Amino acid sequence: MDAGALSPVQQTALATAYARALDSRSPRSILGDTLADEVVAGIDFDFAGLGVTPSVVCLVALRARMLDDMIRRFVTEQPDAVVVDLGAGLSTGVFRVDPPPSVDWFSVDLPEMTALRDGVLPHRYRSHSLAASVAETDWLRVMPADRPAIVVADGLFPFLPDAVVAATAGRITEHFRLGMIAFNDYGTVSRLNRLAKLIMARKPMFRTMYGQWEFRGFRDAHHPETWGARMRLVEESSAMRQPEVALFPPLLRIGSRLGARVPAVASKARVLCYRFDPPDGTR
Ligand SMILES: C[S@@+](CC[C@H](N)C(=O)[O-])C[C@H]1O[C@@H](n2cnc3c(N)ncnc32)[C@H](O)[C@@H]1O
């Protein structure tokens with residue numbers, strides 16, 4: 001599979017994979033994802049030409065680390081869990097988290113990206129690729145509904161219309177008996193987009209990312225509770241408030257620590273987690 005044949009929205013995964021690869025090369029690595037570096041080395045693409053910035057490297061690595069920690073906690077409590085990574089791209093999350101062998105891990109992405117992923121990532125026991133758009137209605141059918149599920153979306157929702165995000169979350173809570181949905185979020189994005197348009201003409205990565213941006217976002221972290229009848233907010237964490245900010249380059253570290261004090265700024269780099277319990281109240 002040639003990376004050049006990916007659609008623009010699929011190419012966004014090249015930027016995030018490269019960000020984690022660059023992070024792994026740093027002596028002050030946040031995520032330590034050395035496999036990401038091996039994966040990008042196996043793809044014939046001008047990654048350096050993307051113009052991935054140090055702030056993107058840090059934030060992409062840190063939000064992956066935050067989501068990994070949530071998955072680790074979940075599979076430790078629920079060793080028969082199902083992990084679903086929506087818009088998985090080239091993520092090596094299953095290798096970073098290294099869940100017990102009783103866990104099934106599904107990586108869902110569009111067909112061309114899934115073909116690239118399967119070509120460059122090593123095979124792993126009970127790790128499954130699913131070529132599908134989450135906008136379709138039947139992709140969940142192959143997933144065992146009676147097992148606890150943690151569904152994560154790292155970097156996917158910005159590229160979906162609001163109604164598709166809401167419908168996707170609704171389908172997840174209808175399908176699985178109990179579980180969690182966790183994703184990274186940018187708060188409301190209209191101003192962010194305007195700013196991005198100013199800089200995207202110079203940076204190919206921003207052109208790729210913001211040129212595809214569909215999701216309008218939301219301010220109140222309780223808003224997604226309206227997407228799935230059983231969704232309840234259990235965690236809202238800003239990357240800017242994590243101890244790993246100490247590993248950021250100096251200017252970014254100072255900026256993040258200042259931003260962390262302003263809720264509207266801190267919410268631009270948040271990870272949200274929602275729980276859904278069984279409909280009948282049993283566990
Ligand atoms: C910014 S990338 C993030 C990839 C990966 N989660 C990561 O952190 O590196 C967004 C991903 O969402 C995928 N995607 C976009 N629309 C999708 C859809 N409708 N269904 C499934 N995946 C989709 C893209 O192909 C791409 O891999």
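Our subject is the structure that appears above.
In what follows, the accompanying structure is described. Worth saying up front: this structure is predicted, and the values here are computed from it rather than measured. (Residues numbered from 1 in each chain as written. Predicted model: local features only at pLDDT ≥ 70, side-chain atom pairs only at ≥ 80, totals over all residues. Heavy atoms only, no water.)

**Section: the pattern of salt bridges**
- Scanning the model with the defined rule gives 15 salt bridges in all.
- Of the charged contacts in the structure, one is a salt bridge between Asp154 and Arg63, with a shortest N-O distance of 2.5 Å. With Asp154 in the loop between β4 (149-153) and α6 (162-175) and Arg63 in helix α3 (residues 54-77), this pair connects stretches of sequence that are 91 residues apart. Just as Asp154 is buried, Arg63 falls in that class too.
- Two residues, Asp104 and Arg126, come together in a salt bridge whose shortest N-O distance is 3.6 Å. With Asp104 in strand β2 (residues 104-109) and Arg126 in the loop between α5 (111-120) and β3 (127-131), this pair connects stretches of sequence that are 22 residues apart.
- Residues joined in a network through salt bridges with shared partners are Asp33, Asp68 and Arg96. (Salt bridge = Lys/Arg side-chain N within 4 Å of Asp/Glu carboxyl O. Helix = DSSP H or I, 4+ residues; strand = E, 2+ residues; numbered from the N terminus. Buried < 20%, exposed > 50% of the residue type's maximum accessible area, 1.4 Å probe, protein only.)

**Notes on the site of the ligand**
- Close to the ligand lie 20 residues; Thr16, Arg20, Gly87, Asp109 and Asp154 are nearest.
- Here Thr16 contributes a side-chain N or O atom positioned 2.7 Å from an oxygen atom of the ligand.
- Within the backbone of Val134, one N or O atom sits 3.0 Å away from a nitrogen atom of the ligand.
- The fraction of the free accessible surface of the ligand (590 Å²) that becomes covered by protein chains is 97%.
- A breakdown of the residues in the shell around the ligand according to their chemical character gives 10 nonpolar, seven polar and three charged. (Near = heavy atom within 4 Å. Polar contact = N/O pair within 3.5 Å; in protein donor to acceptor, adjacent residues only side chain to side chain. Areas by Shrake-Rupley, 256 points an atom, 1.4 Å probe, with all protein chains shown as cover. Nonpolar A, V, L, I, M, F, W, Y, C, P; charged D, E, K, R; others polar.)

**Focus on the sheet that holds strand β7 (residues 270-276)**
- Read from one edge to the other, the open sheet built from seven strands follows the order β3-β2-β1-β4-β5-β7-β6, with strand pairing classed as mixed. The open sheet has two edge strands with one neighbour each: β3 and β6 (232-238). Shown here is a sheet whose adjacent strand axes are inclined to one another by a mean of 15°, direction ignored.
- With five bridges joining them, strand β1 (residues 82-86) and β4 adopt parallel strand pairing. Within the sheet, the bridge partner assigned to Val84 lies in β4 and is Val151.
- Its contacts with the sheet place α3 against β1, β2, β4, β5 (179-185), β6 and β7, and it is angled at close to 175° to β4. (Pairing = 2+ DSSP bridges. Axes fitted to C-alpha atoms, helices over the stretch in contact; angles between N-to-C directions. Contact = heavy atoms within 4.5 Å.)

**So, the nonpolar core**
- Counting residues in hydrophobic clusters, the biggest one holds 62 residues, and the most contacted among them are Val84, Leu86 and Trp139.
- Counting residues per element, this core draws most heavily on helix α1 (residues 8-25), at seven residues.
- Excluding anything up to four places from it in sequence, Trp139 contacts Val84, Leu86, Val108, Leu130, Ala132, Ser133, Val134, Thr168, Arg171 and Ile172.
- By size, the runner-up hydrophobic cluster in this structure holds 30 residues, among which are Ala61, Leu67, Ala81 and Val103. (Core = buried A, V, L, I, M, F, W, Y, C linked by side-chain atoms within 4.5 Å.)

**A closer look at the pairing of β7**
- With six of its seven residues buried, β7 lies for the most part within the structure.
- Note that β5 and β7 share seven bridges and pair antiparallel. Along β7, the bridge assignment pairs Gly179 with Phe276.
- In the sheet, β6 pairs with β7 via six bridges, with the strands oriented antiparallel. Bridge assignment links Leu233 to a residue of β7, and that residue is Tyr274.

**Brief notes about the environment of Asp37**
- Positionally, Asp37 belongs in helix α2 (residues 34-41).
- Between the C-alpha atoms of Asp37 and Leu22, which are 15 residues apart in sequence, the distance is 7.2 Å.
- When neighbours within four sequence positions are excluded, Asp37 is seen to be in contact with Ala21, Ser24 and Arg25.

**Describing the packing of aromatic side chains**
- Following the criterion strictly, the structure yields 11 aromatic pairs and no others.
- Arranged with centres 5.2 Å apart and planes meeting at 70°, the rings of Phe45 and Phe47 form a pair that is edge-to-face.
- The exposure class assigned to Phe45 is partly exposed, which follows from its relative accessible area of 25%. (Phe/Tyr/Trp six-rings, centres within 6.5 Å; stacked < 30°, edge-to-face > 60°.)

From the geometry alone we can't say anything about function, so treat these as descriptive.
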